[in-house]
Amino acid sequence: MENILSFLANFIVTIIEKTGYLGVFILMTFESALIPIPSEITMPFAGYLVSINKMNIHILSFIGALANLVGSIAAYLLGFWLEDRLIRQWIKRRGKFLLISEDDYDRAERWFRRYGDPVVFFSRITPGIRTFISLPAGVAKTNFGKFCVFTFIGSLIWSYFLSYIGFFFGKNWSRIEIYYRKYEYLILFLIILLISWFIFSKVKKKKT
């Protein structure tokens, strides 16, 4: 796995160095379209380029969010057009090549079934689930407009977050992965708390 990540990191860095914003757009689109290209490498490195005045952080973050939206729409449409059974068969046969497992899909589906449309937003900043939520959202045929809005806003926050970390660390941008993995479960716990608070607020309003 370390060799794969090292190869991906070198590939991502090379693409962005040669193509700039276009490279970021392509890489972030692929990530949200279920291609295993981690945004935790793409955006921090681009954030480092911001620190040396080769990119603008606002343009960068907007492009990252827009690309995530485009890739997520592709995954949404895949789920919309295919049945749940066919998607699971596809994951069993091809998932290992895209680093997707049935557990990943099941987890995304449980989140969506339990929390509904808002989870599309929260999932965009949640480790391990952010790229998979689009499939069950499509299968459930959630409102497409809401899906796009929630996806873009969540992705914009995520893009700014990773870009600023890359900007902060500068040439040591790759350290983000160490801290990201270390605090992955803490981030997940905080997101769950936010979702719980959102649901509680909605329920309380309906009762009053």
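Each remark here, short or long, concerns the structure printed above.
In short, a report on the structure. (Residues numbered from 1 in each chain as written. Predicted model: local features only at pLDDT ≥ 70, side-chain atom pairs only at ≥ 80, totals over all residues. Heavy atoms only, no water.)

## A few points about the packing of helix 2 (residues 21-32) against helix 4 (residues 57-81)
Logical step 1: Contact geometry for helix 2 and helix 4: axes closest at 7 Å, N-to-C directions at 35°. Considering only the axes of helix 2 and helix 4, their crossing is right-handed. Contacts between helix 2 and helix 4 involve Tyr 21, Val 24, Phe 25, Met 28, Thr 29, Glu 31 and Ser 32 on the former and, on the latter, Ile 59, Leu 60, Ile 63, Gly 64, Leu 66, Ala 67, Asn 68, Val 70, Gly 71, Ser 72 and Ala 75.
Logical step 2: Across the contact of helix 2 with helix 4, the residue classes break down as eleven nonpolar, six polar and one charged. (Axes fitted to C-alpha atoms, helices over the stretch in contact; angles between N-to-C directions. Helix = DSSP H or I, 4+ residues; strand = E, 2+ residues; numbered from the N terminus. Left-handed = near helix turned anticlockwise from the far one by under 90°. Contact = heavy atoms within 4.5 Å. Nonpolar A, V, L, I, M, F, W, Y, C, P; charged D, E, K, R; others polar.)

## A closer look at helix 3 (residues 39-51)
Logical step 1: For helix 3, built from 13 residues, the straight-helix expectation of 18 Å at 1.5 Å per residue is met to within 8% by its first-to-last C-alpha distance of 18 Å.
Logical step 2: Of all the positions in helix 3, only Ser 39, Glu 40, Ile 41, Thr 42, Met 43, Pro 44, Phe 45, Ala 46, Gly 47, Leu 49 and Val 50 are classed as buried.
Logical step 3: Asn 53 occupies a position one or two residues after helix 3 and carries a positive phi of about 65°. (Expected span 1.5 Å × (residues − 1). Buried < 20%, exposed > 50% of the residue type's maximum accessible area, 1.4 Å probe, protein only.)

## Quick word on the environment of Leu 156
Logical step 1: By secondary structure assignment, the location of Leu 156 is in helix 9 (residues 144-169).
Logical step 2: In this structure Leu 156 comes out as partly exposed when scored by relative accessible area, which is 24%.
Logical step 3: Put simply, Leu 156 and Phe 62 are 94 residues apart on the chain and 6.3 Å apart in space, counted from C-alpha to C-alpha.
Logical step 4: Beyond its immediate chain neighbours, meaning those up to four positions away, Leu 156 contacts Ser 61, Phe 62 and Ala 65.

Structural measurements only, silent on function.
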